[in-house]
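So the chains spell out like this:
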Amino acid sequence: MEYKLRKAEPRDVSDILRLVKELAKYEEMEDQVMLTEKELLEDGFGDTPFYHCILAEIQGENGTDDLKVVGFAMYYFTYDPWSGKQLYLEDFYVMDKYRGMGIGSAILKQLSDLAMKTRCTGMMFVVAENNESSINFYKQRGAEDLSEEEGWRLYKFHKEDLLKLAAPAEE
Amino acid sequence: MPDQVLISYKELQHDGFRQNPFFQCLLAEVLEEHKSKEGHTIVGYALYYYTYSTWKGPSVYLEDLYVMPEFRGKGIGKNLLSKVAQVAKEKHCARLQMSVLDWNTPSRDFYAAKGAQDLTVSEGWHFIRFDGQALDNLANEAPKD
(Lines give C-alpha, C1' and ligand atoms only; values in the text may rest on other atoms or scores of the structure.)
Protein backbone atom coordinates (compact mmCIF):
# COMPACT_ATOMS: atom_id res chain seq x y z
CA MET A 1 0.00 0.00 0.00
CA GLU A 2 1.47 3.34 -1.00
CA TYR A 3 1.37 6.35 1.22
CA LYS A 4 2.34 9.98 0.88
CA LEU A 5 3.49 12.48 3.50
CA ARG A 6 2.40 16.09 3.18
CA LYS A 7 1.99 19.31 5.16
CA ALA A 8 -1.44 19.74 6.74
CA GLU A 9 -3.76 22.37 5.27
CA PRO A 10 -6.78 24.20 6.77
CA ARG A 11 -9.15 21.64 5.19
CA ASP A 12 -7.46 18.87 7.26
CA VAL A 13 -8.55 20.05 10.73
CA SER A 14 -11.33 17.47 11.07
CA ASP A 15 -8.90 14.64 10.26
CA ILE A 16 -6.37 16.13 12.67
CA LEU A 17 -8.95 16.25 15.49
CA ARG A 18 -10.10 12.69 14.70
CA LEU A 19 -6.51 11.39 15.02
CA VAL A 20 -5.83 13.53 18.13
CA LYS A 21 -8.81 11.82 19.79
CA GLU A 22 -7.70 8.37 18.65
CA LEU A 23 -4.25 8.95 20.12
CA ALA A 24 -5.76 10.27 23.38
CA LYS A 25 -7.91 7.11 23.51
CA TYR A 26 -4.76 4.98 23.09
CA GLU A 27 -3.26 6.94 26.02
CA GLU A 28 -6.47 6.26 27.98
CA MET A 29 -7.20 10.00 28.33
CA GLU A 30 -9.82 10.54 25.63
CA ASP A 31 -12.12 12.65 27.85
CA GLN A 32 -9.36 15.24 28.26
CA VAL A 33 -9.53 16.47 24.66
CA MET A 34 -11.35 19.83 24.84
CA LEU A 35 -10.08 21.32 21.60
CA THR A 36 -12.49 21.98 18.70
CA GLU A 37 -11.97 22.06 14.93
CA LYS A 38 -12.48 25.83 15.01
CA GLU A 39 -9.68 26.28 17.56
CA LEU A 40 -7.36 23.95 15.62
CA LEU A 41 -8.04 26.05 12.52
CA GLU A 42 -7.33 29.40 14.23
CA ASP A 43 -4.33 28.10 16.16
CA GLY A 44 -2.64 26.29 13.28
CA PHE A 45 -3.50 28.34 10.24
CA GLY A 46 -3.76 31.93 11.49
CA ASP A 47 -1.14 34.70 11.47
CA THR A 48 1.04 33.06 14.09
CA PRO A 49 0.65 29.30 13.97
CA PHE A 50 1.09 27.58 17.34
CA TYR A 51 1.77 24.27 15.68
CA HIS A 52 2.70 22.55 12.41
CA CYS A 53 1.43 19.23 11.18
CA ILE A 54 2.60 16.49 8.81
CA LEU A 55 -0.03 14.03 7.55
CA ALA A 56 0.30 10.53 6.09
CA GLU A 57 -2.26 9.80 3.41
CA ILE A 58 -3.16 6.60 1.51
CA GLN A 59 -5.32 5.80 -1.48
CA GLY A 60 -8.88 4.76 -0.55
CA GLU A 61 -9.40 1.02 -0.19
CA ASN A 62 -12.12 0.55 -2.75
CA GLY A 63 -9.89 1.76 -5.54
CA THR A 64 -11.78 5.04 -5.56
CA ASP A 65 -10.00 8.39 -5.82
CA ASP A 66 -10.62 8.96 -2.12
CA LEU A 67 -7.55 9.70 -0.12
CA LYS A 68 -7.53 8.80 3.57
CA VAL A 69 -5.46 10.42 6.32
CA VAL A 70 -4.05 7.57 8.44
CA GLY A 71 -1.29 9.19 10.50
CA PHE A 72 0.01 12.53 11.71
CA ALA A 73 2.71 14.33 13.62
CA MET A 74 2.10 17.69 15.28
CA TYR A 75 5.15 19.71 16.24
CA TYR A 76 6.37 23.20 17.12
CA PHE A 77 9.65 24.86 17.94
CA THR A 78 10.85 25.33 21.50
CA TYR A 79 14.01 26.77 22.99
CA ASP A 80 16.80 25.33 25.09
CA PRO A 81 18.94 28.19 26.48
CA TRP A 82 21.87 25.75 26.64
CA SER A 83 21.97 24.77 22.98
CA GLY A 84 19.29 26.68 21.02
CA LYS A 85 16.21 25.75 18.99
CA GLN A 86 14.55 22.41 19.50
CA LEU A 87 11.85 20.68 17.53
CA TYR A 88 9.16 19.57 19.96
CA LEU A 89 7.02 16.65 18.85
CA GLU A 90 3.63 17.08 20.55
CA ASP A 91 1.60 14.27 18.98
CA PHE A 92 2.73 11.38 16.78
CA TYR A 93 0.26 8.68 15.72
CA VAL A 94 -0.45 6.13 12.99
CA MET A 95 -3.82 4.33 12.96
CA ASP A 96 -3.52 0.76 14.24
CA LYS A 97 -4.57 -0.79 10.94
CA TYR A 98 -1.78 0.99 9.05
CA ARG A 99 1.16 0.22 11.29
CA GLY A 100 4.16 -1.91 10.32
CA MET A 101 4.38 -0.28 6.87
CA GLY A 102 7.11 2.22 7.71
CA ILE A 103 4.81 5.26 7.96
CA GLY A 104 5.95 6.12 11.52
CA SER A 105 9.63 5.80 10.57
CA ALA A 106 9.11 7.94 7.46
CA ILE A 107 7.40 10.68 9.50
CA LEU A 108 10.18 10.64 12.09
CA LYS A 109 12.81 10.85 9.35
CA GLN A 110 11.05 13.84 7.75
CA LEU A 111 10.86 15.55 11.15
CA SER A 112 14.55 15.02 11.84
CA ASP A 113 15.39 16.30 8.32
CA LEU A 114 13.41 19.40 9.15
CA ALA A 115 15.13 19.73 12.54
CA MET A 116 18.55 19.68 10.85
CA LYS A 117 17.48 22.16 8.12
CA THR A 118 16.08 24.62 10.67
CA ARG A 119 19.24 24.47 12.78
CA CYS A 120 17.62 22.68 15.72
CA THR A 121 20.04 20.99 18.08
CA GLY A 122 17.55 18.40 19.24
CA MET A 123 14.10 16.89 18.89
CA MET A 124 12.11 16.39 22.11
CA PHE A 125 8.84 14.88 23.27
CA VAL A 126 7.25 13.07 26.21
CA VAL A 127 6.20 9.44 26.36
CA ALA A 128 4.16 7.71 29.05
CA GLU A 129 6.38 5.24 30.89
CA ASN A 130 3.92 2.37 30.35
CA ASN A 131 4.03 2.87 26.57
CA GLU A 132 6.74 0.25 26.04
CA SER A 133 6.35 -0.13 22.27
CA SER A 134 6.84 3.63 21.72
CA ILE A 135 9.76 3.79 24.16
CA ASN A 136 11.48 0.89 22.35
CA PHE A 137 10.79 2.49 18.94
CA TYR A 138 12.61 5.65 20.08
CA LYS A 139 15.42 3.99 22.05
CA GLN A 140 16.26 1.75 19.06
CA ARG A 141 16.83 4.96 17.12
CA GLY A 142 19.17 6.49 19.69
CA ALA A 143 16.84 8.62 21.83
CA GLU A 144 17.69 9.32 25.48
CA ASP A 145 15.17 9.12 28.30
CA LEU A 146 16.03 12.34 30.15
CA SER A 147 13.68 11.57 33.02
CA GLU A 148 15.58 8.35 33.69
CA GLU A 149 19.10 9.52 32.83
CA GLU A 150 19.11 13.05 34.23
CA GLY A 151 16.14 13.05 36.60
CA TRP A 152 13.91 15.61 34.82
CA ARG A 153 10.26 15.59 35.90
CA LEU A 154 7.46 17.31 34.02
CA TYR A 155 5.37 19.75 36.08
CA LYS A 156 2.11 21.39 35.23
CA PHE A 157 -0.06 24.21 36.63
CA HIS A 158 -3.75 23.80 35.78
CA LYS A 159 -5.92 26.78 34.92
CA GLU A 160 -7.32 27.39 38.43
CA ASP A 161 -3.86 27.55 39.98
CA LEU A 162 -2.57 29.56 37.04
CA LEU A 163 -5.22 32.21 37.71
CA LYS A 164 -4.30 32.31 41.41
CA LEU A 165 -0.64 32.70 40.49
CA ALA A 166 -1.46 35.50 38.07
CA ALA A 167 -3.37 37.49 40.70
CA PRO A 168 -1.55 40.74 41.56
CA ALA A 169 0.57 40.57 44.74
CA GLU A 170 -0.92 42.08 47.86
CA GLU A 171 0.84 45.27 48.94
CA MET B 1 25.42 21.13 34.19
CA PRO B 2 27.41 24.19 32.99
CA ASP B 3 29.37 22.15 30.39
CA GLN B 4 26.10 21.62 28.56
CA VAL B 5 25.70 25.36 27.78
CA LEU B 6 26.77 25.54 24.12
CA ILE B 7 24.89 28.58 22.89
CA SER B 8 26.44 31.94 22.09
CA TYR B 9 25.32 35.51 22.77
CA LYS B 10 24.83 35.99 18.99
CA GLU B 11 22.41 33.04 18.72
CA LEU B 12 20.38 34.25 21.71
CA GLN B 13 20.12 37.68 20.11
CA HIS B 14 19.06 36.25 16.74
CA ASP B 15 16.60 33.69 18.10
CA GLY B 16 14.91 35.88 20.69
CA PHE B 17 14.50 39.17 18.91
CA ARG B 18 13.47 38.35 15.35
CA GLN B 19 10.02 38.57 13.71
CA ASN B 20 8.68 35.38 15.29
CA PRO B 21 10.86 34.95 18.37
CA PHE B 22 11.58 31.48 19.64
CA PHE B 23 11.46 32.62 23.24
CA GLN B 24 10.43 35.50 25.52
CA CYS B 25 12.42 36.61 28.52
CA LEU B 26 11.46 38.53 31.65
CA LEU B 27 14.24 40.10 33.69
CA ALA B 28 14.36 41.05 37.35
CA GLU B 29 16.28 44.30 37.73
CA VAL B 30 17.33 46.03 40.97
CA LEU B 31 18.27 49.65 41.53
CA GLU B 32 21.91 50.69 41.10
CA GLU B 33 22.38 51.06 44.88
CA HIS B 34 21.33 47.40 45.40
CA LYS B 35 23.54 45.95 42.70
CA SER B 36 25.36 42.64 43.21
CA LYS B 37 28.94 42.28 44.46
CA GLU B 38 30.14 42.11 40.83
CA GLY B 39 28.08 45.15 39.83
CA HIS B 40 25.07 43.49 38.14
CA THR B 41 21.62 45.04 38.33
CA ILE B 42 19.94 42.21 36.38
CA VAL B 43 19.61 39.59 39.09
CA GLY B 44 17.08 37.08 37.79
CA TYR B 45 15.18 35.93 34.71
CA ALA B 46 12.34 33.80 33.40
CA LEU B 47 12.64 32.44 29.85
CA TYR B 48 9.50 30.96 28.34
CA TYR B 49 7.80 30.14 25.03
CA TYR B 50 4.41 29.08 23.74
CA THR B 51 3.62 25.43 23.16
CA TYR B 52 0.50 23.64 21.97
CA SER B 53 -1.58 20.99 23.63
CA THR B 54 -3.78 19.01 21.26
CA TRP B 55 -6.11 18.56 24.23
CA LYS B 56 -6.39 22.14 25.47
CA GLY B 57 -4.77 24.55 23.01
CA PRO B 58 -2.01 27.14 23.54
CA SER B 59 0.10 26.74 26.67
CA VAL B 60 3.16 28.42 28.16
CA TYR B 61 6.34 26.49 28.87
CA LEU B 62 8.68 27.98 31.46
CA GLU B 63 12.11 26.88 30.26
CA ASP B 64 14.35 28.71 32.75
CA LEU B 65 13.62 30.44 36.08
CA TYR B 66 16.58 31.73 38.04
CA VAL B 67 17.47 34.27 40.72
CA MET B 68 21.08 34.91 41.75
CA PRO B 69 21.69 33.33 45.22
CA GLU B 70 22.55 36.77 46.69
CA PHE B 71 19.01 37.97 45.91
CA ARG B 72 16.92 35.03 47.02
CA GLY B 73 14.36 35.07 49.81
CA LYS B 74 12.95 38.43 48.69
CA GLY B 75 10.05 37.15 46.60
CA ILE B 76 11.77 37.80 43.24
CA GLY B 77 11.27 34.20 42.06
CA LYS B 78 7.60 34.29 43.09
CA ASN B 79 7.09 37.56 41.22
CA LEU B 80 8.76 36.27 38.07
CA LEU B 81 6.54 33.16 38.18
CA SER B 82 3.43 35.33 38.73
CA LYS B 83 4.33 37.52 35.78
CA VAL B 84 4.69 34.47 33.52
CA ALA B 85 1.31 33.22 34.80
CA GLN B 86 -0.16 36.66 33.95
CA VAL B 87 1.16 36.36 30.39
CA ALA B 88 -0.40 32.88 30.15
CA LYS B 89 -3.70 34.27 31.42
CA GLU B 90 -3.66 37.22 28.98
CA LYS B 91 -2.97 34.91 26.05
CA HIS B 92 -5.78 32.54 27.14
CA CYS B 93 -3.40 29.69 27.73
CA ALA B 94 -4.83 26.68 29.51
CA ARG B 95 -1.59 25.59 31.15
CA LEU B 96 1.84 26.53 32.40
CA GLN B 97 4.40 23.72 32.31
CA MET B 98 8.04 23.29 33.24
CA SER B 99 10.48 20.55 34.11
CA VAL B 100 12.44 20.20 37.34
CA LEU B 101 15.28 17.89 38.30
CA ASP B 102 14.28 15.19 40.73
CA TRP B 103 16.96 16.17 43.29
CA ASN B 104 15.96 19.85 43.20
CA THR B 105 13.78 19.69 46.30
CA PRO B 106 13.53 23.47 46.96
CA SER B 107 12.17 24.05 43.43
CA ARG B 108 9.88 21.02 43.53
CA ASP B 109 8.49 22.26 46.87
CA PHE B 110 8.18 25.85 45.54
CA TYR B 111 6.03 24.71 42.59
CA ALA B 112 4.03 22.12 44.56
CA ALA B 113 3.15 24.77 47.19
CA LYS B 114 1.61 26.84 44.39
CA GLY B 115 -0.52 23.98 43.07
CA ALA B 116 1.68 22.44 40.35
CA GLN B 117 1.35 18.75 39.68
CA ASP B 118 4.32 16.42 39.03
CA LEU B 119 3.09 14.67 35.89
CA THR B 120 6.06 12.31 35.82
CA VAL B 121 4.86 10.90 39.15
CA SER B 122 1.09 11.17 38.68
CA GLU B 123 0.79 10.16 35.00
CA GLY B 124 4.14 8.53 34.16
CA TRP B 125 5.31 11.02 31.53
CA HIS B 126 9.03 10.88 30.67
CA PHE B 127 11.02 13.43 28.69
CA ILE B 128 12.70 11.97 25.62
CA ARG B 129 15.27 13.63 23.42
CA PHE B 130 17.13 12.96 20.16
CA ASP B 131 20.22 15.12 19.73
CA GLY B 132 23.72 15.18 18.28
CA GLN B 133 24.64 11.98 16.44
CA ALA B 134 21.31 10.26 17.08
CA LEU B 135 19.41 13.14 15.42
CA ASP B 136 21.87 13.14 12.55
CA ASN B 137 21.50 9.37 12.06
CA LEU B 138 17.73 9.64 12.09
CA ALA B 139 17.85 12.35 9.43
CA ASN B 140 20.15 10.26 7.25
CA GLU B 141 18.28 6.97 7.60
CA ALA B 142 17.84 5.33 4.19
CA PRO B 143 14.19 5.32 3.07
CA LYS B 144 12.48 1.93 3.06
CA ASP B 145 11.53 0.54 -0.36
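The structure this text deals with has already been given above.
In this report, we go over the structure that sits alongside the text. The structure presented is a predicted model; accordingly, all values stated were derived computationally and were not measured.

Quick look at the packing of helix 6 (residues 159-166) of chain A against helix 2 (residues 76-90) of chain B now. Interaxial distance between helix 6 of chain A and helix 2 of chain B falls to 7 Å at its minimum, and their mutual angle equals 120°. As summarised for this structure, helix 6 of chain A and helix 2 of chain B are arranged oblique, according to the angle between their axes. Every pair of crossing elements has a handedness; the one defined by helix 6 of chain A and helix 2 of chain B is left-handed. Where helix 6 of chain A approaches helix 2 of chain B, its residues Leu162(A), Leu163(A), Leu165(A) and Ala166(A) are matched on the opposing element by Leu81(B), Ser82(B), Ala85(B), Gln86(B), Ala88(B) and Lys89(B).

So, on to the state of the cysteines. Taken as a whole and judged by the stated rule, the model has zero disulfides over all chains. Just so you know, Cys120(A) is unpaired, no disulfide at all, and the nearest cysteine sulfur is the one on Cys53(A), 17 Å from it.

Negative phi characterises most residues that are not glycine, and trans characterises most peptide bonds. Residues and elements named next belong to chain A. Positive phi, close to 60°, is recorded for Glu28, a residue that is not glycine. Inspection of the secondary structure assignment puts Glu28 in the loop between helix 1 (13-26) and helix 2 (37-45). Here Glu28 falls in the exposed class, since its relative accessible area comes to 70%. At Arg119, a residue that is not glycine, the phi angle is positive and equals roughly 65°. Summarising the element assignment, Arg119 is placed in the loop between helix 3 (103-117) and strand 5 (122-128).

At the interface, 70 residues of chain B touch 71 residues of chain A. At the boundary of chain B with chain A, total buried surface from both sides reaches about 7300 Å², with 61% on carbon and sulfur atoms. Ranking the residues of chain B by area buried against chain A places Tyr52(B), Trp55(B) and Phe127(B) at the top, with a combined share of 13%. Where chain B packs against chain A, one counts two salt bridges.

Calculation rules
- Residues numbered from 1 in each chain as written.
- Chains lettered and ligands numbered in written order.
- Predicted model: local features only at pLDDT ≥ 70, side-chain atom pairs only at ≥ 80, totals over all residues.
- Heavy atoms only, no water.
- Axes fitted to C-alpha atoms, helices over the stretch in contact; angles between N-to-C directions.
- Helix = DSSP H or I, 4+ residues; strand = E, 2+ residues; numbered from the N terminus.
- Parallel < 35°, antiparallel > 145°, perpendicular 65-115°, else oblique.
- Left-handed = near helix turned anticlockwise from the far one by under 90°.
- Contact = heavy atoms within 4.5 Å.
- Disulfide = S-S within 2.5 Å.
- Buried < 20%, exposed > 50% of the residue type's maximum accessible area, 1.4 Å probe, protein only.
- Buried area = accessible area lost by both parts, 1.4 Å probe.
- Salt bridge = Lys/Arg side-chain N within 4 Å of Asp/Glu carboxyl O.

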